[in-house]
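Notes for the structure review
Residues per chain are reported as follows:
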Amino acid sequence: MSEKELRRSRSVFPIGTVMKLTDLTARQIRYYEEQDLIHPLRNEGNRRMYSLNDIDVLLEIKDYLSDGINMAGIKRIYELQENKEKAREQEVNKVMTDDDVRKILQDEFLAVSGLSAKTANSFLNQNRIG
DNA sequence: CTTCTGACA
DNA sequence: TGTCAGTA
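In this report, the structure presented in the accompanying data block is examined. (Residues numbered from 1 in each chain as written. Chains lettered and ligands numbered in written order. Predicted model: local features only at pLDDT ≥ 70, side-chain atom pairs only at ≥ 80, totals over all residues. Heavy atoms only, no water.)

With respect to the sheet that holds strand E3 (residues 48–50)
Condition: Two strands form a pair only when DSSP identifies at least two bridges running between them. Only DSSP runs of H or I with at least four residues qualify as helices, and only runs of E with at least two residues qualify as strands; both kinds are numbered from the N terminus onward.
Reading across the sheet, the three strands line up as E1-E3-E2 and stay open at both edges, with antiparallel pairing between neighbours. Looking along the sheet, the strands with just one partner apiece sit at the ends: strand E1 (13–14) and strand E2 (41–42). The pairing of E1 with E3 spans two bridges and is antiparallel. Bridge pairing in E3 links proline 14 to methionine 49.

Written out as structure tokens, the structure reads:
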């Protein structure tokens, strides 16, 4: 992991700061954590401490929400990203071609996003494997 | 004063 | 999701 990635992973912001930076309520921020979309650490006093990465995700969630995607859909999107990373990590022992993976991801995404094929393709292209 | 968990008039 | 309670 690079130094830059480590910095963005440092949990240093209390929820109050995150609220101001994202315009989300504490209730919403904690709810998204329950949905495993963000993983803030706890300090000595059991207070949640958020990283720059957590804040980025929160901002992305806001965008997806404003695009009309529900929580289930958003969770699916992040699950797809995890699968994409795993696929990349296991590229050595891959049994499927990138196009096979791409087709599977697209079908899953279309099934839950409620977005048009055009928009879905745009999303997939931005996160293309390979 | 800020944040946390649990609960719902 | 808002909000109130009782803490830490």
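Focus: unusual backbone geometry
Note the cut-off: The buried label applies to any residue whose accessible area, calculated with a 1.4 Å probe on protein chains only, is under 20% of its type's maximum; exposed applies above 50%, and partly exposed to all values in between.
Its identity is not glycine, yet aspartate 23 carries a phi of approximately 65°, on the positive side. Residue placement: aspartate 23 occurs in the loop between helix H2 (15–22) and helix H3 (26–34). Overall, aspartate 23 belongs to the exposed group, its relative accessible area being 65%. One non-glycine residue, asparagine 46, adopts positive backbone phi at about 65°.

As for the protein's contact with DNA strand C
Put simply, the rule reads: Throughout, near means a residue has at least one heavy atom within 4 Å of the molecule or strand. Residues adjacent in sequence count toward polar contacts only when both atoms are side-chain atoms; beyond that, a polar contact is any pair of N or O atoms within 3.5 Å, and within protein one must be able to donate a hydrogen and the other to accept it. Amino acid classes used here: Ala, Val, Leu, Ile, Met, Phe, Trp, Tyr, Cys and Pro are nonpolar; Asp, Glu, Lys and Arg are charged; the rest, including Gly, are polar.
Surveying the vicinity of DNA strand C reveals the residues Thr25, Arg27, Gln28, Tyr32 and Arg47. Counting only atoms of DNA strand C within 4 Å of the protein, the sugar-phosphate share comes to 25%. Side-chain polar atom of tyrosine 32 to a phosphate oxygen of DNA strand C: 2.9 Å apart, as the coordinates give it. Between DNA strand C and arginine 47, the relevant distance is 3.3 Å, taken from a base nitrogen to a side-chain nitrogen or oxygen of the residue. Here the surface near DNA strand C is composed, by residue class, of one nonpolar, two polar and two charged.

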